[in-house]
Amino acid sequence: MSKYDGLKLGFLACHKLLVQRIEPTGLIIELISRGVISMSEKEMILKEGVPSFMTDKLLTLLHRKAAFNPAVYDEFLLAMEEEETLKSAVDDVRAAAVQRASGGKGTDFTYATDVMDEAYSAALKAHEHTIVAGLTASDILPELVSEGVVSPEENESIREGESSGEQAKRLLKIVRLRGSKGFLRFKDALLNSESQQQLGRLLSRSEEAPDDKQYVEETLKQGHVPPRQSVYIERRDTIERLRQSLRTLGKREGWLVVHGMAGFGKTVLAAEAVRDSALLREAFPGGVNWLTVGQMADARGRLDESKLLTRMQNLIVRLDEKGQQSSSSRPGDLESARDYLQKVISEQHPRSLLILDDVWTSDVARHFAVRCRTMVTTRNAAIADAVQTPSVDKVSISEGFSDEEARQMLSLWSMRDLESLPPAADSIVRYCRGSPMALALIGANLRKGARDVRWKQIADKLEASHGAVDIKLLQPEWNYQHPTLKASIDLSVEGLSSELRSLFDLLVVFDYDTLVPLETLATLWYLDTLDADIKMTELVEQSLAQLASVKGADSDLIFYTIHDLVIDYLRGSIPQPKRKDYHSLLVQRFRKACGDAFHNLTDDHYVYQRLVYHVAMAEDWELLGQILSSLKWVMAAASHADGYSVLSSYQEFSEKVTARYTLSVQQFYLFVCDNMELLVQSLNEDEVLQVALLLPETNEVHLQAKGVARFRKKSWYTWSNIEKDRTRRALRLKLHMSGVRRCQFSQDGKRAVSCSNSGDVKLWETSTGMVLTTFSHDDQVSCCALSTSGKFIVSCSEDNTVKVWDIGRKIKAVDFKKHTCGVQCCAISPNDVYILSGDIDAHIFLWQLSTGVVRKKWLHGTPSTPTPTTAESRPFPDPVQFFNQDSSSSQEASGVIKSCAFTPDGQSVVTATGSGSVKLWNLNGEELKSYVGHIAEVPCVVFNKDGSRLATASQDRTVKVWATQTGEIIADLAHKNNILCCAFSPADQMLLSGDVDGQISSWSLQRTEGPREELRLFHDFVSCIVFSPNGKRVIAAADNGTVILSDIQDLFSPLAQDHYQRRFSAHFLNLSQSSATPPQYIPQHSAMSPQYTPLMTCFDEKLKRLQVLQGVRGTVVVPEIPAPPGVIARSWCMSGDCKHLFVSYRDSTTRLYSLKQSTSVTQLGTFLWDVSLVWALSKEDLGGEVVKCLFSPDGAKILVTAPDTHKCLSLNGQLLGSVPGESQGVRVFEFFHDSTRIASVCRKEVVVWSLVTPGTELRCQELIQSEKDSILCVDVSRDDRSLVASATNGAVMVWDTTSGACLLPSQTRGRSACARSCCLSPDGSIAAAGFDDGSLKIWHISLSREIGPIYTSSSFWIIDIAFSPDGTKIVTLCDSVQWWDTEGQELKKVLLKGTYGKFVKFSPDFSTFITIDNAGMLYVLTAIHEE
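Here's what I pulled together on the structure shown here. Numbering of residues starts from 1 in every chain and runs along the sequence as written. Thresholds applied to this predicted model are a pLDDT of at least 70 for local features of residues and 80 or more for the giving and counting of side-chain atom pairs; totals over whole chains, interfaces and linings are not thresholded and use all residues. To get the side-chain values, all heavy atoms of the structure are used, and hydrogens and water are removed first.

1. So, the overall build of the protein
- What the protein contains, in helices and strands, is 41 helices and 68 strands.
- Relative to its full complement of 1427 residues, the protein shows a buried share of 59%.
- In what follows, a contact means two residues having at least one pair of non-hydrogen atoms within 4.5 Å. Considering only residue pairs separated by 6 or more positions, the protein has 57% of its internal contacts joining residues 24 or more positions apart.
- All accessible areas in this document rest on Shrake-Rupley with a 1.4 Å probe, and a residue is counted as covered only by the protein chains that are shown. A total accessible area of about 57,000 Å² is found for the protein, and carbon and sulfur atoms account for 48% of it. Labels follow the DSSP assignment, with helices taken as runs of H or I lasting at least four residues and strands as runs of E lasting at least two, numbered in each case from the N terminus. The cut-offs for exposure are 20% and 50% of the maximum accessible area for each residue type, with area from a 1.4 Å probe on protein chains only; residues under the lower value are buried, those over the upper are exposed, and the others partly exposed.

2. Some words on the nonpolar core
- We call a set of buried Ala, Val, Leu, Ile, Met, Phe, Trp, Tyr and Cys residues a nonpolar core when their side-chain atoms join them within 4.5 Å. Formed by 121 residues in total, the largest nonpolar core has its most connected members in Phe368, Phe504, Trp525, Leu539 and Phe671.
- Beyond its immediate stretch of four places on either side in the chain, Phe504 contacts Val493, Leu496, Leu539, Leu544, Val566, Tyr569 and Leu570.
- Grouped together as the second largest cluster of nonpolar side chains are 30 residues, Leu7, Ile22, Leu27 and Leu31 included.

3. Considerations on helix α6 (residues 72-81)
- With seven of 10 residues buried, α6 is to be regarded as a mostly interior element.
- Within α6 the residues assigned to the buried category are Val72, Tyr73, Asp74, Phe76, Leu77, Ala79 and Met80.

4. Quick word on the sheet that holds strand β15 (residues 781-786)
- Here, strands pair whenever DSSP counts at least two bridges between them. Spatial strand order, β15-β16-β17-β18: four strands in an open sheet with antiparallel pairing. Edge positions in the open sheet fall to β15 and β18 (811-816), since each of these has one partner strand only. Taking the axes of each pair of neighbouring strands and ignoring which way they run, one obtains an average angle of 20° across the sheet.
- Bridging between β15 and strand β16 (residues 792-797) involves five bridges; their strand directions are antiparallel. Bridging across to β16, Val781 finds its partner in Ser797. Working convention: axes come from line fits to C-alpha atoms, limited for helices to the stretch in contact. Angles between N-to-C directions cover 0 to 180 degrees.

5. Thoughts on the sheet that holds strand β25 (residues 918-922)
- What the four strands build is an open sheet, ordered β23-β24-β25-β26; its pairing is antiparallel. In this open sheet, the two edge strands, each paired with only one partner strand, are β23 (897-902) and β26 (927-931). Strand after strand, the sheet turns through a mean of 20° between neighbouring axes, direction not considered.
- Across five bridges, β23 lies against strand β24 (residues 908-913) in antiparallel orientation. Residue Cys900 lies in a different strand from β24, and its bridge partner there is Thr911.

6. Here we look at helix α15 (residues 236-249)
- Taking 1.5 Å per residue as the helical rise, α15 with its 14 residues ought to reach 20 Å, and the 20 Å between its terminal C-alpha atoms agrees with that figure.
- Within the sequence span of α15, burial applies to Thr238, Ile239, Leu242, Arg243, Ser245, Leu246 and Leu249. One face of α15 carries all of its buried residues, which in axial projection span an arc of 165°. Seen from the buried face of α15, the exposed residues on the opposite side, beyond 90 degrees, are Arg236 and Asp237.
- If you follow the buried residues of α15, they end up packed against β1 (254-260), α16 (266-273), α17 (277-283), β3 (353-359), β4 (373-378) and β5 (392-397). Expected helix span is computed as 1.5 Å times (number of residues minus one). What the arc describes is the spread of directions from the helix axis to the C-beta atoms.

7. A closer look at the environment of Phe264
- Tracing the backbone through its elements, the reader meets Phe264 in the loop between β1 and α16.
- Judged by its relative accessible area of 7%, Phe264 falls in the buried class.
- Considering only alpha carbons, one finds Phe264 and Arg379, 115 residues apart in sequence, at a separation of 9.9 Å.

8. Points about the state of the cysteines
- Working definition: a disulfide is two cysteine sulfur atoms within 2.5 Å of each other. Scanning the entire structure with this criterion turns up zero disulfides.
- Take Cys1273: it sits in no disulfide, and the sulfur closest to it among the cysteines is that of Cys1318, at 3.7 Å.
- On the accessibility criterion, Cys1273 (14% relative accessible area) is buried.

9. Concerning the packing of helix α1 (residues 3-13) against helix α5 (residues 51-66)
- Between α1 and α5, whose axes approach to 12 Å, the crossing angle comes to 165°. With respect to their mutual orientation, α1 and α5 come out roughly antiparallel. Between α1 and α5 the crossing geometry is left-handed. In contact with Lys8, Phe11 and Leu12 of α1, α5 contributes Leu59, Leu62 and His63.
- Among the residues forming the contact of α1 with α5, the class breakdown is four nonpolar, one polar and one charged. Relative orientations are named as follows: roughly parallel for angles under 35 degrees, roughly antiparallel for angles over 145 degrees, roughly perpendicular for angles from 65 to 115 degrees, and oblique for any other angle. Put simply, a crossing is left-handed when the front helix is turned counterclockwise from the back one by less than a right angle, and right-handed when it is turned clockwise. Residues are grouped as follows: Ala, Val, Leu, Ile, Met, Phe, Trp, Tyr, Cys and Pro are nonpolar; Asp, Glu, Lys and Arg are charged; every other residue, Gly included, is polar.

10. A word on the pairing of β1
- The buried fraction of β1 amounts to seven of the seven residues, a majority that puts the element mostly inside the structure.
- Burial of the side chains of β1 extends over both faces: Gly254, Leu256, Val258 and Gly260 are buried on one face and Trp255, Val257 and His259 on the other.
- The pairing of β1 with β5 spans six bridges and is classified as parallel. The partner of Val258 across the bridge, within β5, is Val395.

11. A closer look at the pattern of salt bridges
- Any carboxyl oxygen of Asp or Glu within 4 Å of a side-chain nitrogen of Lys or Arg constitutes a salt bridge here. Going through the model one piece at a time under the given rule, you end up with 42 salt bridges.
- Between Glu240 and Arg247 there is a salt bridge; the shortest N-O distance is 3.3 Å.
- A residue is classified by how much of its surface remains accessible, and Glu240, at 38% relative accessible area, is partly exposed.
- Residue Arg247 is classed as partly exposed on the basis of its relative accessible area, which comes to 30%.

12. Notes on the pairing of strand β31 (residues 979-984)
- Judged by how many residues are buried, β31 sits mostly within the fold: six of six residues are covered.
- Sheet analysis places β31 next to strand β32 (residues 990-995), joined by five bridges and oriented antiparallel. Each bridged residue has a counterpart across the sheet, and for Ile979 the counterpart in β32 is Asp995.
- In this structure, the hairpin formed by β31 and β32 is closed by a connection of five residues, where Asp988 is found at a positive phi of approximately 65°.

13. Digging into the environment of Glu697
- Mapped onto the elements, Glu697 comes out in the loop between α37 (685-693) and α38 (700-709).
- Under the relative-accessibility criterion, Glu697 is labelled partly exposed at 35%.
- Residues Glu697 and Asn721, spaced 24 residues apart in sequence, show a C-alpha to C-alpha distance of 9.8 Å.
- Counting of polar contacts relies on pairs of N or O atoms within 3.5 Å, with two restrictions inside protein: one atom must be capable of donating a hydrogen and the other of accepting it, and residues adjacent in sequence are counted only when both atoms are side-chain atoms. Here the side chain of Glu697 touches Arg1113 through a polar contact of 3.0 Å, side chain to side chain.

14. Some thoughts on unusual backbone geometry
- The phi torsion at Glu619 lies on the positive side, around 55°, for a residue other than glycine.
- With respect to the secondary-structure elements, Glu619 resides in the loop between α31 (607-617) and α32 (621-628).
- The phi torsion at Glu1262 lies on the positive side, around 75°, for a residue other than glycine.
- With respect to the helices, strands and loops of the structure, Glu1262 is situated in the loop between β53 (1255-1260) and β54 (1271-1276).
- The exposure class of Glu1262 is exposed, given its relative accessible area of 61%.

15. What to know about the packing of helix α27 (residues 518-525) against helix α28 (residues 529-541)
- Running from N to C, α27 and α28 point in directions that differ by 100°, and their axes come no closer than 9 Å. Here α28 runs roughly perpendicular to α27, going by the angle between their axes. Of the residues in α28, those touching α27 at Leu518, Glu519, Leu521, Ala522 and Trp525 are Thr529, Ala532, Asp533, Lys535, Met536 and Leu539.
- For the contact of α27 with α28, the residue count by class is seven nonpolar, one polar and three charged.

16. Looking at the packing of aromatic side chains
- Here is the rule: rings of Phe, Tyr and Trp (six-membered ring for Trp) pair when centre to centre is within 6.5 Å. Planes less than 30 degrees apart are stacked, more than 60 are edge-to-face, and the remainder are tilted. The tally for this structure, following the rule as stated, stands at 21 aromatic pairs.
- Measuring from centroid to centroid gives 5.6 Å for Phe11 and Phe76, while their planes differ by 85°, and the two rings are edge-to-face. Of this pair, Phe11 sits in helix α1 while Phe76 sits in helix α6, and the two are 65 residues apart along the sequence. Each of the two residues, Phe11 as well as Phe76, counts as buried.

Dropping the structure here:
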């Protein structure tokens, strides 16, 4: 630890002492005289007013300045020594610095994030309201800074809170992050403060617990538990049963299922059961959290995943007290939402109770299996059968009120004593049969002092309805079996005025379990919100609706709900044509409110989620087409609602639009599907617009986007070189969180099943990618298969099980547990009778699908020693390791069954192992044939349609096609990489194979001398490839969880084949200074001046040739740079004037070419270029193979790096200089802009050496010390006065290139935040760096000001970073190109299709940007507007 690191810790340890001792006014004057603080900073400090606050502000400013210049610590101590009263404080600081630097107190805990003990977390939660109301944070902050709980920056942030309550909330949030130690030091700080001791004793439990009633109400209010109803009858026996079950549940993780008929009061009972102080303190000290789930089926009766995901996202945001999950980065699918919810509850809400109210299906319940204590209210007693939980307890609510309780309820409603109830009350009680809902509805009719005759009328009506109402005659929506409910609702409705009755009927337009905002009701009824609220209050009083209050950003937003039974009543009593008219009425009133511009509607938290639903229910197909083909609507809906509600609109209704909108709606549908990963992140309208602008220029979405962008005065970028329909050739889906293992089409091709390392099995639609059903294992799923009938899925896992899933019932039909180790593969016989499965120990089981009964068990070969696997482990070995391994090591895995299959006739099976052994067996386990030829693992075996051929894919880099009966090798298809999968086309014309490099190869079975076509589809392993039964479509899956579905004729189409290496060179021709003719095509509305046109040198991976492309469209102007026969280029660079191209080849030769525009013209009107060889050098000339090269800015020199040399060449090939013995193995270097000096990385330092007077001019050191670290990037300011470098240890430093003085000391963030890229502004006054944790930091060096880290939305490395020529903007590259101002504000973002790029180049006017991602896609991004 350095001296200044120790001083920093010393100041922090003495923070409280200094705040108490320092009289700031005199010290500030001394610090100004020493130049430590400025006059403006003095004014800022004095504004604090209170001396202790002023001192606290002064110390915070000290630490901020010391980050740039640690010597200010010395100056501060010298200033303190000028004050006699502070000399002892100086000694204390120095002593604390020595103690902490030597590993003493405090070094184990400084601003560390940790997990808090359950008891401490529960105490904070229980007393949070009291602490927020009574805490004065400033009284204890100095001590918390000294104790390492609060950093100086956090201290400042807390004090900036507008109120004491806000400051207390911010402090509690930080305390929770600090874990158990943070809690204990927070409590001690409270006890040490006279004014805050009471709160400290409260946390210590040394005082009496707060009032039980207050504690219960605060706990339930925080957890959103519904309040007790105004008319409430306690059902003591039932509630006591529930509480007893809850006490048991509190002792361990499990589920309590409260089930019973609709209307029996399950919700009220669940809420009342937790309204008990002793129960909460003892069983659930972590609190209670309530979520109303409701019906989650879409219009087709299937699980509405978007609706369920929204519920889970809202719960996560509510529970995530540490703020780890913002609304802009919520989990994007149900599986990740479940995982994140489990993490939040485990870490932040231990020993809490999660209550799920009104859960309809087990499919919904399964998504809340988050390993916590859970209570569910439901109508389905078997709701938890599909949930994996240690225990399930069930409490049946089979009865409602007793007769006495029912009489009490009527008494309360009517405000009569029990003794004064009329005789008709007994009849009412008898016919209601204890139904709480029926009694509430009837009671609402009797609340206003109804006379006895009214009681008699109600009793008579109930008697008549009980004998006469036939529920079966009602519409299907009314599916309950209690006739009294309908009669009860009838009574409430009859009590409405005619006006209110007509308004009540309009509520039929709303769906189940929908929060309806007051604003929407006002629109529907054509009233102002005040009148609408009055009308709804009357309906609430009649128990026909319920009031819900949802907290908004600024105020309480008023929402109402309508019970499912009431909605069923309305749907049963109002005919369909009338309901259609009501939907139309609501749409027309929305239309009137916005003047046909639906995207301008005020967001009422309903309209953008449900407008399309109402238009469809109104059957206005023309208007539906207008909305679904409107980019402005998509922009508004995606920003106000979420991507899933937008997608749901297209999934349910896109096929219903009129013919004139069919094509454009389909283009919008694909746009939404392709960009779901972005749309679920709550993008704003501008972000959606930018995504739309990246589409091909002929796409309707792009055309509308360009029209919108014209009127928004900002910078926008188009993907100028994108081909027509290029991104629409295949549907790219992110179905799984980790590697996909297997996929299979259904027999009709409409559905597919896939499984992954994340332990899930998913059934999904092949038309949209929408997941229909998800099943789960306890460990990674190795293989899955779909039955011929389409009724069953079989899956096997590393959890040693094979499971059969009933798709229709969505349950586990068979759980096969005969395997004793990880199961690697499974298959279903064509007649759906048998299942074949194989495991790590070489055991093969043949068993019945329906019963799990084993028919035969046998061994393939010698059992292997199992290797433990985890869900994170890769399913395939390192592709590089195979050819380096010893043959004996391969045999150790001989017993692992890696793949298996049935013959098409179902009479035989084939299995393959990790050693390359492939065998054919009959169903009795007798070996029929052994296919000898592979020498490595065979992860895939497939038969052709008639079973006459067998294809085996192996990691020995071959696919072999065998004659099934004879074992003869028909074709031996050699590949460049290890092969993981293969597939026959149904017509036997083609075979596809996928390798570890992400490449798919197409082979003709008529000729096998080489692949017919090749396509690199992924940047990760191709783990599975399969044809649809009709042979027209293909599914390909990757080890990163991505699935691509494409028509086979489009998969290898020319438009989809462009694939370049990420390495490229690009410069911009200045046409005003060049003889080159400008390209004929300049994008309309482009901000790019015709003065500049890009010239790019790229390596085409498919054609294996170096090409030159020109213009924003990327037109090929040099189809091939001449190269030695059969030799591939390794590195290349182009001079800034585009006249020369230097290329090094893998045969260790180098060549310099001259470039000149010819008179020939391409089809697009761009002139071709002529290439001629200037000179060539051999390996001996340069001392080795050139691994990197760079032209000087003046274009007269070439810097080359070989493994053992670092040399500078002239344009005639002469050696101008080298760095002997210092540049070995170094590839990081940069020219100064005057072309006379070079900065290069040599071991642990950056060396500046001169080309004019050969030798070292400057050594820049101290950036790294450890041998494990290395310097990754250097950059020189445009004025050549400053140099910046960054390293793997997260350090960034800036030096003066003349004196060698350090301008920015080492800013180390640790290896977890590796500083991969760095840059300087043109004048060197600002430095910026990009880190591997996706963050950006900016230093205003001259102002001693640091900004960041600023975390981008990406978790990927920032690989490249650069300033604009005028120094006002920064561009970064990771999985996107992003633009920033120098204050760290994001200006624009363009997401790449691949995962990352290598570097980004831009034109001198900063309007055109070029990069290539790891998927091989070239991006020429051009600005169409400037700010």
